[in-house]
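Architecture and fold: a report
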Amino acid sequence: MSDFQNEMNRVVQGFVAQITELARRAAIDTLESAFGGRAPRSAAPAVAAATTAVASTGRVGRPRGGRGAKRTSADLEALSEQFASFVKANPGLRIEQINKQLGTTTKDLALPIRKLISEGVISAKGQKRSTTYFPGKKKAKN
């Protein structure tokens, strides 16, 4: 090989090694922050930020953040009204069927359902996954 080719291979290998190290650091930082470890310590914060941004996009439902990321009372009220009106129009469905139609998750609906049942707006029959929901005796709040 010529000196030019040797030099070119050396430069390319160095570049690949640097990119690999940056990607490894970004992955470690992302995992540490996701699992409650230390704050990101990357020498390339832009790479870590980009990795985190990509990981957090495209999610439906609750905001990222785990504990402490609470929904507002307006969000809960809107979800409750949506659920109550859907159950009134489609009585006797299970939560999996309702989630598919509303684009929600069981975890998102758990609190609104408990509140609606306690208020008498909806009623539930069955246990666990066989629970079906029906309109209750009280009318939903307007």
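Predicted model only: the values in this text are computed from it and were never measured.

**Comments concerning the overall build of the protein chain**
For the protein chain, the helix and strand inventory stands at five helices and three strands. Across the 142 residues that make up the protein chain, the buried fraction comes to 20%. Surface accessibility of the protein chain: about 10,400 Å² in total, with carbon and sulfur atoms responsible for 58%.

**Quick look at the pairing of strand β3 (residues 132-135)**
As paired elements, strand β1 (residues 93-94) and β3 share two bridges and run antiparallel to each other. Note that in β3 the partner of L93 across the bridge is Y133. Alignment of strand β2 (residues 122-125) against β3, held across four bridges, turns out to be antiparallel. What sits directly across from A124, in β3, is Y133. If you look at the hairpin formed by β2 and β3, you'll find six residues sitting between the two strands, and G126 has a positive phi there, around 105 degrees.

**A few points about helix α3 (residues 73-89)**
The terminal C-alpha atoms of α3, which comprises 17 residues, lie 24 Å apart, in line with the 24 Å expected from a rise of 1.5 Å per residue. When we look at burial in α3, the residues that qualify are L76, L79, S80, F83, A84, F86 and V87. Seen from one end, α3 has its buried residues packed into an arc of 165 degrees, which puts them on one side. Turned more than 90 degrees from where α3 packs its buried face, A74, K88 and A89 sit exposed. Looking at the buried residues of α3, the elements they touch are β1, α4 (95-102), α5 (106-119), β2 and β3.

**Quick look at the packing of α3 against α4**
Two numbers describe how α3 lies on α4: the axes approach to 11 Å, and their chain directions differ by 115 degrees. As far as their axial angle goes, α4 and α3 are roughly perpendicular. Like other packed secondary-structure pairs, α3 and α4 cross with a definite hand, here right-handed. Note on element contacts: α4 touches α3 through I95, I98, Q101 and L102, opposite Q82, F83, F86 and V87. Looking at the contact of α3 with α4, its residues break down into six nonpolar, two polar and no charged.

**Quick word on the sheet that holds β2**
Strand order in the open sheet made by the three strands is β1-β3-β2, with antiparallel pairing throughout. Every other strand in the sheet has two partners, leaving β1 and β2 as the edge strands with one partner each. Helix-sheet contacts for α3 involve β1, β2 and β3, and the interaxial angle to β3 is about 90 degrees.

**Some words on unusual backbone geometry**
Of note, the phi angle at K128 is positive, near 50 degrees, even though the residue is not glycine. Looking at the element boundaries, K128 is found in the loop between β2 and β3. Accessibility expressed as a relative area gives 80% for K128, which makes it exposed.

**As for the nonpolar core**
F83, I98, L109, I113, I122 and Y133 are the most contacted members of the largest nonpolar core, which totals 14 residues. Residue contacts for F83: discarding those within four places in its chain leaves I95, I98, L102, L109, I113, L116, I122 and Y133.

**Some points on α5**
Taking 1.5 Å as the rise per residue, α5 with 14 residues should run 20 Å; its terminal C-alpha atoms sit 20 Å apart, in good agreement. Of all the positions in α5, only D108, L109, P112, I113 and L116 are classed as buried. Where α5 terminates, the next one or two residues include G120, which has phi positive at roughly 85 degrees.

Rules of the game
- Residues numbered from 1 in each chain as written.
- Predicted model: local features only at pLDDT ≥ 70, side-chain atom pairs only at ≥ 80, totals over all residues.
- Heavy atoms only, no water.
- Helix = DSSP H or I, 4+ residues; strand = E, 2+ residues; numbered from the N terminus.
- Buried < 20%, exposed > 50% of the residue type's maximum accessible area, 1.4 Å probe, protein only.
- Areas by Shrake-Rupley, 256 points an atom, 1.4 Å probe, with all protein chains shown as cover.
- Pairing = 2+ DSSP bridges.
- Expected span 1.5 Å × (residues − 1).
- Arc of directions from axis to C-beta.
- Contact = heavy atoms within 4.5 Å.
- Axes fitted to C-alpha atoms, helices over the stretch in contact; angles between N-to-C directions.
- Parallel < 35°, antiparallel > 145°, perpendicular 65-115°, else oblique.
- Left-handed = near helix turned anticlockwise from the far one by under 90°.
- Nonpolar A, V, L, I, M, F, W, Y, C, P; charged D, E, K, R; others polar.
- Core = buried A, V, L, I, M, F, W, Y, C linked by side-chain atoms within 4.5 Å.

Take it as geometry only, folks, not as evidence of what the structure does.
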